[in-house]
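Each chain is listed here by its residues.
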Amino acid sequence: MSFEIRKIVSYVDETFIEGGKATDKPVTMVGLAVVMKNPWVGNGFVEDLKPQIRANCSDLGAMMVERLVGIIGGAEKIEAYGKAAVVGADGEIEHASAVIHTLRFGNHYREAVKAKSYLSFTNKRGGPGTSIQIPMMHKDDEGLRSHYITLEMQIEDAPRADEIVVVLGCADGGRLHPRIGNRYIDLEELAAEKAQ
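Summarised in this report is the structure supplied together with it. Keep in mind that this is a model prediction, so the values were computed, not measured.

Things to note about unusual backbone geometry
Trans peptide bonds make up the majority, and among non-glycine residues the majority have a negative phi.
Move 1: In this model, Ala158 is joined to Pro159 through a cis peptide bond whose omega is 0 degrees.
Move 2: Assignment of secondary structure puts Pro159 in the loop between strand E6 (149-153) and strand E7 (163-171).
Move 3: The phi torsion at Lys114 lies on the positive side, around 55 degrees, for a residue other than glycine.

And the structure:
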């Protein structure tokens, strides 16, 4: 058994100038979205979502990671990562969560990029053309603010009412000119201020 996939959409964003200042190393963000039929729609309130999760989420995660890594040019290039899901109007937010919030799905990504951080995420309900935000963070360090970035994309005909859009995102760097420090610097500054 496998999820019924209607289409796969990829989105690539390359940034060369930010704030009027060019960079020597542009940042590439990639989003890979699978538009799939929601397997729980039409069955009333489904108490146990795990049979579909066990049967299908690992295969979906493996396929998506392979494609995403191919688009960006290799797992070793990925510095920041995240995920998202949008459920159509006939589904529940829990249906979107069921697909992306399982180790059967996410571990494929973490293992491919040898990550230590959890996958940041969004999951929401929306209709065709809804904005999809994929929040990302550094794959090894949740406190590294330079890699707090968001890729935004949309698919004009998805999700339909009985669909789920499942998305993985990655970036080969952080923001172009980061200059707000990180949480570790903040902690040191706050401790120093308290000591005064």
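Concerning the layout of surface pockets
Move 1: Computed from the structure, the largest pocket encloses a volume of approximately 300 Å³.
Move 2: Contributions of two or more residues to the lining of the largest pocket are made by strand E1 (5-18), strand E2 (21-37) and E6.
Move 3: Within the lining of the largest pocket, the residues separate by chemical class into five nonpolar, five polar and five charged.

Looking at the side chain of Lys83
Move 1: As for its position among the elements, Lys83 is in strand E3 (residues 80-87).
Move 2: Look at Lys83: it is buried, it has no salt bridge, and the nearest opposite charge is Glu142 at 12 Å.
Move 3: Here Ile100 takes part through its backbone oxygen, which lies 2.7 Å from a polar atom of the side chain of Lys83.

Concerning helix H2 (residues 93-100)
Move 1: Counting buried positions over the eight residues of H2 gives six, a clear majority of the element.
Move 2: Along H2, the residues that are buried comprise His95, Ala96, Ser97, Ala98, Val99 and Ile100.
Move 3: Where H2 is buried, its residues contact E2, helix H1 (50-72), E3, helix H3 (103-112), strand E4 (120-125) and E7.

Observations concerning the pattern of salt bridges
Move 1: Under the definition given, this model contains six salt bridges.
Move 2: Asp157 is the salt-bridge partner of Lys7, the closest N and O atoms lying 3.1 Å from each other. Within this pair, whereas Lys7 is found in strand E1, its partner Asp157 is found in the loop between E6 and E7, the two being separated by 150 residues in sequence.
Move 3: By relative accessible area, which is 27% here, Asp157 ends up partly exposed.
Move 4: In this structure, Asp140 engages Lys139 in a salt bridge whose closest nitrogen and oxygen atoms are separated by 3.6 Å.
Move 5: By relative accessible area, Lys139 is classed as buried at 14%.
Move 6: One salt-bridge network, held together by shared partners, links Arg6, Lys7, Asp157 and Glu163.

Focus: the packing of aromatic side chains
Move 1: Applying the stated criterion across every chain, the model contains one aromatic pair.
Move 2: Consider the rings of Tyr81 and Tyr109, whose centres lie 5.1 Å apart with planes at 70 degrees: the pair is edge-to-face. Within this pair, whereas Tyr81 is found in strand E3, its partner Tyr109 is found in helix H3, the two being separated by 28 residues in sequence. Exposure class is identical for Tyr81 and Tyr109. Each is buried.

What about helix H4 (residues 183-195)?
Move 1: The terminal C-alpha atoms of H4 lie 18 Å apart, and with 13 residues this matches the ideal 18 Å at 1.5 Å per residue to within 8%.
Move 2: With a side-chain oxygen lying 2.9 Å from the backbone nitrogen of Tyr184, the N-terminal cap of H4 falls on Asn182.

Looking at the pairing of E2
Move 1: Where E1 meets E2, twelve bridges bridge the pair, whose relative direction is antiparallel. The partner of Ile8 across the bridge, within E2, is Val34.
Move 2: Linkage of E1 to E2, two consecutive antiparallel strands, is achieved through a turn of two residues, within which Gly19 is found at a positive phi near 65 degrees.
Move 3: Sheet analysis places E2 next to E7, joined by nine bridges and oriented antiparallel.

Criteria and thresholds
- Residues numbered from 1 in each chain as written.
- Predicted model: local features only at pLDDT ≥ 70, side-chain atom pairs only at ≥ 80, totals over all residues.
- Heavy atoms only, no water.
- Helix = DSSP H or I, 4+ residues; strand = E, 2+ residues; numbered from the N terminus.
- 1 Å grid on protein atoms, 1.4 Å probe; cavity = no way out; pocket = protein on both sides within 12 Å on 5 of 7 lines; lining within 4 Å.
- Points joined across faces, edges and corners; volume = space filled by probe spheres on them.
- Nonpolar A, V, L, I, M, F, W, Y, C, P; charged D, E, K, R; others polar.
- Buried < 20%, exposed > 50% of the residue type's maximum accessible area, 1.4 Å probe, protein only.
- Lys, Arg positive; Asp, Glu negative; His and termini not counted.
- Salt bridge = Lys/Arg side-chain N within 4 Å of Asp/Glu carboxyl O.
- Polar contact = N/O pair within 3.5 Å; in protein donor to acceptor, adjacent residues only side chain to side chain.
- Contact = heavy atoms within 4.5 Å.
- Phe/Tyr/Trp six-rings, centres within 6.5 Å; stacked < 30°, edge-to-face > 60°.
- Expected span 1.5 Å × (residues − 1).
- Pairing = 2+ DSSP bridges.

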